[in-house]
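Residues per chain are reported as follows:
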Amino acid sequence: MNEKRFRSSNWFLGWFFTFVLLLAVLLLIIPNVAMFILFHDDYINENALKVIFTYTMAGIMIATGIFLIVFWFFTINAFWCWLLIEEDRIVFTPVFKKDIIINFDDCIHVGIADWDKDRRHQGLYDAISEICESRGDDGKYIYITVASFPEKYRHRINRVISKKGFIKFPYDDEVCLALMEAIPARTGELRAFYNRMQWNDKKIAKENENKLKKKLKKKEMKKRAKGQKNANKITSLKD
């Protein structure tokens, strides 16, 4: 088997997430640091209560900005990451952490879990599903583990980070096929989910085909009705 390398399908979301947090950090930190520098002398000459209140609020905002930076640092690995499937092992490469390696012989299970099915984040995926006629893989993650996976996290894999002996990666058909080929004995759950996605694809294609047929039929009926109306007008004029 040749090496296969995959980039996370959430790459774009990572850039969006980074942009939003960077904007928030800039709005929180820069104005308040500028205030400290530019108006320091003016505030010192004011009453103590105003100085304490203003500096406390500014300090809270700056601390919030720093917290967002730290939060980004530890969260971005869920978006910016790669999965390498080699001859006898799987290598997970996040941007700011060490590679995580799982040998095929050590792997006991490869499965599917929801990002956050029972909480508010799932509403985003539900909205996407309604708008985009989702096939059902929004918010799904593939997990690869050398130990039993806690059932309480099956629908909340956002609470589990990739670490030694455990890898999570956004679901993708190509990744799924590569894993099924590499370790078929451990990917029964993955195979069942993949087959369901293929069936959903066919179902969506059939529904779209039927919608198109209905649309064309409706258009043809309107065209005929218009033609009949024009014919009746011509007949009435002749009479």
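Heads up: the structure comes first, above all this text.
Residues numbered from 1 in each chain as written. Predicted model: local features only at pLDDT ≥ 70, side-chain atom pairs only at ≥ 80, totals over all residues. Heavy atoms only, no water.

Visitor: So what's going on with the overall build of the protein chain? Residues and values would help.
Guide: Across its full length, the protein chain holds 6 helices and 7 strands. Taken from the N to the C terminus, the helices and strands of the protein chain come in the order β-α-α-α-β-β-β-β-α-β-β-α-α. Taken across its 239 residues, the protein chain has 35% of its residues classed as buried. Considering only contacts within the protein chain whose residues lie at least 6 apart along the sequence, 69% involve residues at least 24 apart. Accessible surface, the protein chain as shown: approximately 15800 Å² in total, 61% of it carbon and sulfur. (Helix = DSSP H or I, 4+ residues; strand = E, 2+ residues; numbered from the N terminus. Buried < 20%, exposed > 50% of the residue type's maximum accessible area, 1.4 Å probe, protein only. Contact = heavy atoms within 4.5 Å. Areas by Shrake-Rupley, 256 points an atom, 1.4 Å probe, with all protein chains shown as cover.)

Visitor: Can you tell me about helix 5 (residues 173-182), naming the residues and giving the values?
Guide: Along helix 5, the residues classified as buried are V175, C176, A178, L179, M180 and A182. You can read the cap of helix 5 off the contacts: a side-chain oxygen lies 2.9 Å from the backbone nitrogen of E174, and it is on D172. (Polar contact = N/O pair within 3.5 Å; in protein donor to acceptor, adjacent residues only side chain to side chain.)

Visitor: Pulling in residues and values, what's your account of the sheet that holds strand 6 (residues 140-145)?
Guide: On the basis of which strands lie adjacent, the open sheet formed by 3 strands has the order 5-6-7 and antiparallel pairing. Each edge of the sheet is formed by a strand with only one pairing partner; in this case those strands are strand 5 (109-114) and strand 7 (166-170). This sheet shows a mean twist of 25° between the axes of neighbouring strands, independent of strand direction. Here 6 bridges tie strand 5 to strand 6, and the two strands are oriented antiparallel to one another. Bridge pairing links H109 to T145 in strand 6. The sheet strands contacting helix 5 are strand 5, strand 6 and strand 7, and the helix crosses strand 6 at an angle near 25°. (Pairing = 2+ DSSP bridges. Axes fitted to C-alpha atoms, helices over the stretch in contact; angles between N-to-C directions.)

Visitor: Now, about the pattern of salt bridges: what can you tell me, with residues and values included?
Guide: The tally for this structure, following the rule as stated, stands at 4 salt bridges. Between K4 and E181 there is a salt bridge, and its shortest N-O distance comes to 3.1 Å. Remark: E181 occurs in helix 5 and K4 occurs in strand 1 (residues 4-7); sequence separation between them is 177 residues. When its relative accessible area of 29% is taken as the criterion, K4 is described as partly exposed. The salt bridge involving E86 is made with R89; its shortest N-O contact spans 2.5 Å. (Salt bridge = Lys/Arg side-chain N within 4 Å of Asp/Glu carboxyl O.)

Visitor: Please set out the sheet that holds strand 2 (residues 81-85) residue by residue, giving values where relevant.
Guide: The strand order across the open sheet formed by 4 strands is 1-2-3-4, and the pairing between neighbours is antiparallel. Bordering the open sheet on either side are strand 1 and strand 4 (100-103), each of which pairs with just one other strand. Averaged over all neighbouring strand pairs, the angle between strand axes comes to 15°, with direction disregarded. Bridge count between strand 2 and strand 3 (residues 89-94): 5 bridges; the pairing is antiparallel. Across the sheet, C81 pairs through a bridge with P94, a residue of strand 3.

Visitor: Before we move on, could you go through the nonpolar core and cite the residues and values that matter?
Guide: Of all hydrophobic cores here, the largest spans 28 residues; its most connected members are I142, I144 and L179. Every element with two or more residues in this core is listed here: strand 2, strand 3, strand 4, strand 5, strand 6, strand 7, helix 5 and helix 6 (188-238). Of all the elements, helix 5 adds the most residues to this core, at 6 residues. If we ignore the near neighbours within four places in the chain, the residues touching L179 are I85, I90, V110, I142, I144, P184, T187 and L190. Ranked by size, the runner-up nonpolar core spans 19 residues in total, among them L21, W80, A113 and W115. (Core = buried A, V, L, I, M, F, W, Y, C linked by side-chain atoms within 4.5 Å.)

Visitor: How would you summarise a negative patch on the surface if you had to cite specific residues and measurements?
Guide: The grouping of E3, E87, D88, D105 and D106 at the surface amounts to a negative patch. Take D105: it is sitting in the loop between strand 4 and strand 5. (Patch = residues over 30% accessible without salt bridge, like charges linked within 9 Å, V, L, I, M, F, W, Y side chains within 5 Å. Lys, Arg positive; Asp, Glu negative; His and termini not counted. Charge placed at Lys NZ, Arg CZ, Asp CG, Glu CD.)

Visitor: Explain the pairing of strand 3 to me, using residue names and the numbers behind them.
Guide: Counting buried residues in strand 3 gives 5 out of 6 residues, a clear majority hidden from the surface. Once strand 2 ends, the chain turns through 3 residues before running back antiparallel as strand 3. As defined by bridge partners, strand 3 adjoins strand 4 across 4 bridges and the pair is classed as antiparallel. Directly across from R89, in strand 4, lies its bridge partner N103. With antiparallel pairing between neighbouring strands as the criterion, strand 3 and strand 4 make up a hairpin whose turn holds 5 residues.

Visitor: Residue-level account of the environment of L84, with values.
Guide: The topology assignment puts L84 in strand 2. In the structure, L84 is positioned 80 residues away from K4 in sequence and 5.7 Å away in space, judged by C-alpha atoms. With sequence-adjacent residues up to four places away left out, L84 is seen in contact with E3, K4, R5, R89, I90 and V91.

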